[in-house]
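If you want the building blocks of each chain, they are given just below.
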Amino acid sequence: ARDATTPWILGCDSFDPDEYDDVEDLPEICLDPDAQTLSVLNAHADGETRVCYITLYSTKASGKNGVELTQGTTTDVHGTSKTCITFIVCCATMTIMHLCHLHVPEGESILDVSLDSDVQPWNRHDNADDEHAMPVGFPLLCHNNNVDQNDHNCMDETEGQATEDQYLCTQGEGGELTHFFSGNLHAIDFRCSIGTPLLAVADGIVCDVRDQNNLTGVGVSNLFQWNSILLELDVDDESRYTGEVVDANNNGGGKKQNYVQGGPLFVEYVHMAKDSALVKEGDRVKRGQMIGKSGSVGFSPEPHLHFAAYRSRDPTASTVRVRFHEGTNTPFLPTAGNYYNISGIAKQDGLSTGR
């Protein structure tokens, strides 16, 4: 929910610190025992929007006009599953957002409600148009395509593996679920079956491998544990001129050349299946080589691949846009709601493009 216009939000109120004795002791997540509501408070006068992830466990809830909110599930590291509802809320400074009514079972107290939360300032990307000059290969093995993804004789590794001929992009750049932070803005999510082969999108070296976790679902705690492979790709250090744009930060109001830059490029494959990595840190990989299998580990509502690119391997690095390219096809950037394969868009609004 970005603001009070979100259909299921109960409403918003301005926060007046003069109405309270000690503002510093006020909780960010509020349960009202009289109204039986869940709310979030941003009492910071710093002008910063707070991003709030809140998971409500095993309790039903309803939003505006009494519409019942759909429950999902989450599974912890011990394999224990619970029903839950997770709210993702951007709460403006000095604002109270009333999220939902809680359906507390008869005989129980609202104090018995189980919650997890993570609240942080909104770390926005400082250059949303940043794009790397080098297009990369498609990260998922596609079945029955006329362009060979396995230029390096890796077919033995992928034979018999779960594949599809096209993959739905479920979240693209700036997606409202998780792709609005600096570290995720340009990430692309593809829905894919567990076990789908993950392919190196270029020649490079393996920087990091994590494949020991098995938790899944939309619980807030899953935001901090996942499985992934990080590659540093072999690239030429070059820049490609793409035209002139108005520079919003130019006090003179003039124009500035906008470059699509080369330089270092790292790519990360997230949510891979437990114990599925076929490479280790320090290994060299070739474009099209199978490096692991997709999964649904971490903060994941369904099996999918979260693919992101960076100019640095620093854990706080911002993402950079990359386009996908195979053979002679035009480089493309997937957008949510469309199906893609190595040739580009395969289906748009339910209609096949014939690729």
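Located above this text is the structure these notes cover.
Calculation notes
Chains are numbered independently. Their residues run from 1 in the order of the written sequence. For a predicted model such as this one, the threshold for reporting local features is a pLDDT of at least 70, and the threshold for listing and counting side-chain atom pairs is 80 or more; totals across whole chains, interfaces and linings nevertheless cover every residue. Working from all heavy atoms in the structure, the side-chain values ignore hydrogens and water. Salt bridge, as applied in this entry: a Lys or Arg side-chain nitrogen positioned within 4 Å of an Asp or Glu carboxyl oxygen. Stacked, edge-to-face and tilted are the three classes for Phe, Tyr and Trp ring pairs, Trp counted by its six-membered ring, which pair at centre distances within 6.5 Å; planes under 30 degrees apart are stacked, over 60 edge-to-face, the rest tilted. Secondary structure follows DSSP: runs of H or I at least 4 residues long count as helices, runs of E at least 2 residues long count as strands, and numbering of each begins at the N terminus. Each residue gets one of three labels from its accessible area relative to the maximum for its type: buried under 20%, exposed over 50%, partly exposed in between, using a 1.4 Å probe on protein chains only. For a Lys NZ or an Arg CZ to count as sitting over a ring, it must be within 6 Å of the ring centre and within 35 degrees of the ring normal. For patch building, the residue pool is restricted to those with more than 30% relative accessible area and no salt bridge; the joining distance is 9 Å between like charges and 5 Å between nonpolar side chains (Val, Leu, Ile, Met, Phe, Trp, Tyr). Here the open area of atoms and residues is found with the Shrake-Rupley method and a 1.4 Å probe, where only the protein chains shown may cover a residue. Note on charges: Lys and Arg go in the positive column, Asp and Glu in the negative column, and His and the chain ends are not counted at all. A single reference atom marks each charge: NZ on Lys, CZ on Arg, CG on Asp, CD on Glu. Only a pair of cysteine sulfur atoms within 2.5 Å qualifies as a disulfide here. Buried residues of nine kinds, namely Ala, Val, Leu, Ile, Met, Phe, Trp, Tyr and Cys, make up a nonpolar core once their side-chain atoms join them within 4.5 Å. Contact definition: two residues touch when any of their heavy atoms are within 4.5 Å. Strands are labelled as partners when DSSP assigns at least two bridges between them. N or O atoms within 3.5 Å of each other form a polar contact, as long as, within protein, one can give a hydrogen and the other can take it, and as long as residues adjacent in sequence are counted only when both atoms are side-chain atoms.

Engineer: Tell me about the pattern of salt bridges, and name the residues and values.
Structural biologist: Going through the model one piece at a time under the given rule, you end up with 12 salt bridges. A salt bridge links Asp46 to Arg50, with the shortest nitrogen-to-oxygen separation between them at 2.9 Å. Here the residues in one salt-bridge network are Glu131, Glu173, Arg321 and Arg323, joined through shared partners.

Engineer: Lay out the packing of aromatic side chains in plain terms, naming residues and giving numbers.
Structural biologist: Taken as a whole and assessed by the stated rule, the structure comprises 15 aromatic pairs. With a centroid separation of 5.6 Å and an interplanar angle of 50°, the aromatic rings of Trp8 and Phe87 are classed as tilted. Of the two residues, Trp8 sits in the segment before strand 1 (11-14) while Phe87 sits in strand 7 (residues 81-91), which places them 79 residues apart along the sequence. Judged by its relative accessible area of 26%, Trp8 falls in the partly exposed class. It is Lys82 that lies over the ring of Tyr57; its NZ or CZ is 5.0 Å from the centre. Its end group placed over the ring of Trp122, Arg124 keeps NZ or CZ at 3.7 Å from the ring centre.

Engineer: Would you mind going over unusual backbone geometry in detail, with residue names and values included?
Structural biologist: For Met94, which is not a glycine, the phi torsion comes out positive at approximately 55°. By the element assignment, Met94 lies in the loop between strand 7 and strand 8 (95-103). Given a relative accessible area of 21%, Met94 falls into the partly exposed group. In this structure, His271 takes a positive phi of about 85° despite not being glycine. Taking the relative accessible area as the measure of exposure, His271 reaches 7% and is therefore buried.

Engineer: Explain a negative patch on the surface residue by residue, including any values.
Structural biologist: A cluster of acidic residues, Asp21, Asp22, Glu24 and Asp25, forms a negative patch on the protein surface. Among the structural elements, Asp22 can be located in the loop between strand 1 and strand 2 (29-32).

Engineer: Describe the state of the cysteines, and please don't skip the residues or the numbers.
Structural biologist: Evaluation of the coordinates by the stated rule reveals 0 disulfides. Here Cys90 is not disulfide-linked; the sulfur of Cys52 is the nearest cysteine sulfur, at 7.9 Å.

Engineer: Describe the nonpolar core, naming the residues involved and giving the relevant values.
Structural biologist: With 34 residues, the main nonpolar core has Val136, Phe138, Leu231, Leu233, Tyr269, Ile291 and Phe307 as its most contacted residues. With 21 residues, the next largest nonpolar core counts Ala61, Leu69, Ile85 and Phe87 among its residues.

Engineer: Please give an account of the environment of Val322 that cites residues and values.
Structural biologist: Looking at where Val322 falls in the secondary structure, it is placed in the loop between strand 21 (304-310) and strand 22 (339-341). Among the residues examined, Val322 registers a relative accessible area of 7% and is labelled buried. A sequence separation of 190 residues divides Val322 from His132, and the C-alpha atoms of the two residues are 5.7 Å apart. Non-local contacts of Val322, meaning those with residues more than four positions away in its chain, are made with His132, Met134, Val136, Leu265, Phe307, Ala309 and Leu333.

Engineer: Report on the sheet that holds strand 9 (residues 114-121), specifying residues and quantitative values.
Structural biologist: Strands sit in the order 9-4-7-6-14 across an open sheet of 5 strands; the sheet is antiparallel. Both edges of this open sheet fall to strand 9 and strand 14 (216-217), since each of them pairs with a single strand only. Judged from the 2 bridges that link them, strand 6 (residues 72-75) and strand 14 form a sheet pairing that is antiparallel. Residue Thr74 lies in a different strand from strand 14, and its bridge partner there is Gly217.

Engineer: Break down the side chain of Gln166 for me, with residues and values.
Structural biologist: Secondary-structure assignment places Gln166 in the loop between helix 1 (155-158) and strand 10 (167-171). Residues in contact with Gln166, not counting those within four places in the same chain, are Tyr339, Tyr340, Asn341, Ala346 and Lys347.

Engineer: Requested: an account of the environment of Asn42, with residues and values cited.
Structural biologist: Note on placement: Asn42 falls in strand 3 (residues 37-42). Separated by 15 residues in the primary sequence, Asn42 and Pro27 place their C-alpha atoms 9.2 Å from one another. Excluding residues that lie within four positions of it along the chain, Asn42 makes contacts with Glu48, Thr49, Arg50, Cys91, Ala92, Thr93, Met94 and Thr95. Only 3.2 Å separates the side chain of Asn42 from the backbone oxygen of Ala92, close enough to count as a polar contact.

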